[in-house]
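Descriptive analysis of the structure
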Amino acid sequence: MAANSLAPSYSPNSSCFLRSRPNLIPLPGRTSINLRLRRPIPSIKWENTTITGHDVAERQRGGGRRRWSVRCAAEGMERGMLMGGREAAAGEIAGALSTVPERYTVVALTALVMCLCNADRVVMSVAVVPLAAKFGWSSSFLGIVQSSFLWGYIFSSLIGGALVDKYGGKKVLAWGVALWSLATVLTPLAANHSTLSLLAVRAFFGLAEGVALPSMTTLLSRWFPSNERATAVGISMAGFHLGNVVGLLLTPIMLSTVGISGPFVLFSSLGLVWVATWAGRVTNDPKDSRFMSRTELKLIQAGKTNSSADSSSSSSSQRPSLGQLLSKLPSWAIILANVTNNWGYFVLLSWMPVYFKTVFNVNLQQAAWFSAVPWGTMAFSGYLAGAASDRLIKVGYSVTLVRKIMQSIGFIGPGLALLCLNYANTPTTASVFITAALSLSSFSQAGFLLNIQDIAPGCAGFLHGMCNSAGTLAAIVSTIGTGYFVQWLGSFQAFLTVTAGLYFVTALFYNLYATGEQVF
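Right, let's walk through the structure included here. This one's a predicted model, so the numbers in the text were calculated from it and none came from an experiment. (Residues numbered from 1 in each chain as written. Predicted model: local features only at pLDDT ≥ 70, side-chain atom pairs only at ≥ 80, totals over all residues. Heavy atoms only, no water.)

Looking at the overall build of the protein
- Counting its secondary structure elements, the protein contains 18 helices and seven strands.
- Going through the 520 residues of the protein one by one, you find that 53% of them count as buried.
- In the protein, of all internal contacts separated by at least 6 residues, the share reaching a separation of at least 24 is 81%. (Helix = DSSP H or I, 4+ residues; strand = E, 2+ residues; numbered from the N terminus. Buried < 20%, exposed > 50% of the residue type's maximum accessible area, 1.4 Å probe, protein only. Contact = heavy atoms within 4.5 Å.)

Digging into the nonpolar core
- Ranked by size, the top nonpolar core spans 117 residues in total, and within it Trp 274 and Tyr 355 carry the most contacts.
- In terms of residue count, helix α2 (residues 102-135) provides more of this core than any other element does, 17 residues in total.
- Apart from the residues within four sequence positions on either side, Trp 274 is in contact with Leu 109, Leu 112, Val 113, Leu 116, Leu 173, Ala 174 and Val 177. (Core = buried A, V, L, I, M, F, W, Y, C linked by side-chain atoms within 4.5 Å.)

Details of a nonpolar patch on the surface
- The grouping of Phe 155, Leu 158, Ile 159, Leu 163, Tyr 167, Trp 175, Leu 179, Leu 182, Leu 186, Leu 189, Phe 204 and Leu 207 at the surface amounts to a nonpolar patch, some 1200 Å² of accessible area in total.
- Secondary structure elements with two or more residues in the nonpolar patch: α3 (139-167), α4 (169-193) and α5 (195-209).
- With respect to the helices and strands, Tyr 167 occurs in helix α3.
- Under the relative-accessibility criterion, Tyr 167 is labelled partly exposed at 45%. (Patch = residues over 30% accessible without salt bridge, like charges linked within 9 Å, V, L, I, M, F, W, Y side chains within 5 Å. Areas by Shrake-Rupley, 256 points an atom, 1.4 Å probe, with all protein chains shown as cover. Salt bridge = Lys/Arg side-chain N within 4 Å of Asp/Glu carboxyl O.)

Regarding the pattern of salt bridges
- For the structure on display, the rule yields six salt bridges.
- For Glu 228, the salt bridge is made with Arg 103, and the minimal N-O distance between the two is 3.0 Å. One end of the pair, Glu 228, is in the loop between α6 (212-223) and α7 (229-257); the other, Arg 103, is in helix α2, and 125 residues separate them in sequence.
- What makes Arg 103 buried here is its relative accessible area of 6%.
- Arg 403 is paired through a salt bridge with Asp 454; the nearest N and O atoms lie 2.6 Å apart. Placement of Arg 403 in helix α14 (residues 399-421) and of Asp 454 in helix α16 (residues 448-455) is noted, with a sequence separation of 51 residues between them.
- Judged by relative accessible area, which is 4%, Arg 403 ranks as buried.

Some points on the packing of α16 against helix α17 (residues 460-489)
- Between α16 and α17, the least distance of the axes is 9 Å, while the angle of their chain directions is 140°. Classified by the interaxial angle, the pair formed by α16 and α17 is oblique. Pair α16 / α17 crosses with right-handed handedness. Only Ala 460, Leu 463 and His 464 of α17 make contact with α16, whose side of the interface consists of Leu 449, Ile 452, Gln 453 and Ile 455.
- Class assignment of the residues belonging to the contact of α16 with α17 gives a composition of five nonpolar, two polar and no charged. (Axes fitted to C-alpha atoms, helices over the stretch in contact; angles between N-to-C directions. Parallel < 35°, antiparallel > 145°, perpendicular 65-115°, else oblique. Left-handed = near helix turned anticlockwise from the far one by under 90°. Nonpolar A, V, L, I, M, F, W, Y, C, P; charged D, E, K, R; others polar.)

Some words on the packing of α7 against helix α8 (residues 261-281)
- One way to put it is that α7 packs onto α8 with a least axis distance of 8 Å and a crossing angle of 135°. As summarised for this structure, α7 and α8 are arranged oblique, according to the angle between their axes. In this structure, α7 contributes Val 246, Gly 247, Leu 250, Thr 251, Met 254 and Leu 255 to the contact, and α8 contributes Gly 262, Pro 263, Leu 266 and Phe 267.
- When its residues are assigned to classes, the contact of α7 with α8 shows seven nonpolar, three polar and no charged.

What about the side chain of Ser 221?
- The topology assignment puts Ser 221 in helix α6.
- Within polar-contact distance, the side chain of Ser 221 engages the backbone oxygen of Thr 218 at 2.7 Å.
- Contact partners of Ser 221, with chain neighbours within four places excluded, come to Arg 229, Lys 304 and Gln 453. (Polar contact = N/O pair within 3.5 Å; in protein donor to acceptor, adjacent residues only side chain to side chain.)

Considerations on the environment of Lys 170
- Along the chain, the position of Lys 170 falls in helix α4.
- For the pair Lys 170 and Trp 278, spaced 108 residues apart in sequence, the C-alpha separation works out to 8.0 Å.
- Sequence-distant contacts of Lys 170, defined by excluding residues within four places in its chain, comprise Leu 219, Trp 278, Ala 279, Val 282, Thr 283 and Asn 284.
- A polar side-chain atom of Lys 170 sits 3.1 Å from the main-chain carbonyl oxygen of Ala 279.

Topic: the packing of aromatic side chains
- Taken as a whole and assessed by the stated rule, the structure comprises seven aromatic pairs.
- Plain terms: the ring middles of Trp 343 and Phe 495 are 5.6 Å apart, the flat faces sit at 15° to each other, and that makes the pair stacked. Highlighted residues: Trp 343 in helix α12 (residues 329-360) and Phe 495 in helix α18 (residues 493-513), separated in sequence by 152 residues. Across this residue pair, the class does not change: Trp 343 and Phe 495 are buried.
- The interplanar angle of 55° and the centroid separation of 4.8 Å between the aromatic rings of Phe 509 and Tyr 513 together place this pair among those described as tilted. You can see Phe 509 and its partner Tyr 513 sitting in helix α18, four residues apart, about one turn around the helix. (Phe/Tyr/Trp six-rings, centres within 6.5 Å; stacked < 30°, edge-to-face > 60°.)

Quick look at the environment of Met 114
- Tracing the chain through its elements places Met 114 in helix α2.
- Considering only alpha carbons, one finds Met 114 and Ile 235, 121 residues apart in sequence, at a separation of 10.0 Å.
- Not counting residues within four places of it along the chain, the set of residues in contact with Met 114 comprises Ala 212, Leu 213, Met 216, Ser 236, Gly 239 and Phe 240.

Some thoughts on the environment of Ser 194
- As for its placement among the helices and strands, Ser 194 is situated in the loop between α4 and α5.
- Take Ser 194: its relative accessible area is 24%, and that puts it in the partly exposed class.
- For Ser 194, the side chain forms a polar contact with the side chain of His 193, separated by 3.4 Å.

Listed below in structure tokens is the structure:
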């Protein structure tokens, strides 16, 4: 196709391109531009007006000379395409095609920090085995050491949730990561100093980590439209579960090569690098981000429900009190779900390396491998649960029904798997049942975890913190209780059966009283 002249642009907002005039190269009036196309140019949508590729041009006059420029705007991009050379035009196109939506960057950084969050916890779960041998700790005292992380975690969950509602997830999470990275690097030093120092440092570590989940859920609720929120949480929690894999696989290797301090120094250093990246990139609200395009911002805002859109502007006087939150059964459905989830989760997180070593007499690296496999599959199934949840809501299923379906899978499935675990005769069989239990439990992420934003969008951080505090208390009881049960009865079977029963009872309560509608 030859073009000796260019037609005027029909963009309704073509005046906005005048700002790009310094980037345009004038062409003499008699210059002809030959465009040879192998296939037809697709139509380009200029906001509310559609034009064809033959019309993508604007004629300007100024200074007694004709100026010709090609204008292109697609999906919110307003660019002047330089006609001075093929390289410049190719560079503009490549830049446009390589642009990643900013909300994807936010969820990627969130997933990375959730990975570090759990990896830092798991380091101690593995390192506690050589420490126990070195200092001669009993099984019951081992449970106390394992639970010391939760002593600080139980308080910071509630306080951190309130801070997230007031100051936003960005600052609270950044301070949390900086402080828990400091506690991580101090852990081996404290262990060599005294048992009391070790317990104090682990409690401080839990205090810093308690802000992670409330910050994550609140921040993602602001950065993602409602029909993408479950997937975003699924990706972030996939990072959280992969942290178990990273910690369980790397820690034994570093313990045997570098020494006890090796994995603690590594993960604390990674945390500080993440803080530097996060501080310069992410904002509490997408509208404040300098990396956010107008089209993406409109997409996020259009995908918000009225309640979630107004949550950030709600004043503290309009937010419900603690008594009001506890007066509603949907709140209790979420609280009890969190209690049960943490009970089972921390039993498996803290005791799996010890379980495989005690029951099947495998060495530390083999125990770490068998313990890591279930967490890897849990990361995938958590993402799958989030994507399936968003899909069901998009096709018309109610939020309430979707939350109950996901939560039922997340509790009934693990309960059955733990009952079967009592009959495992080999480490491979046991790993299969633990894998099934953890993979299915990750469906809770698309159940009660998202349900917090559903019923209380204006105070989700505080409600999440309150639920986490109750869940942390349950985790302390289960972590210490496992040690005493094992020492008393000589096996893990009784405690696994108790945990399975708790899963079944809570699944019934949640299905009776949970709702996906806004309550507060």
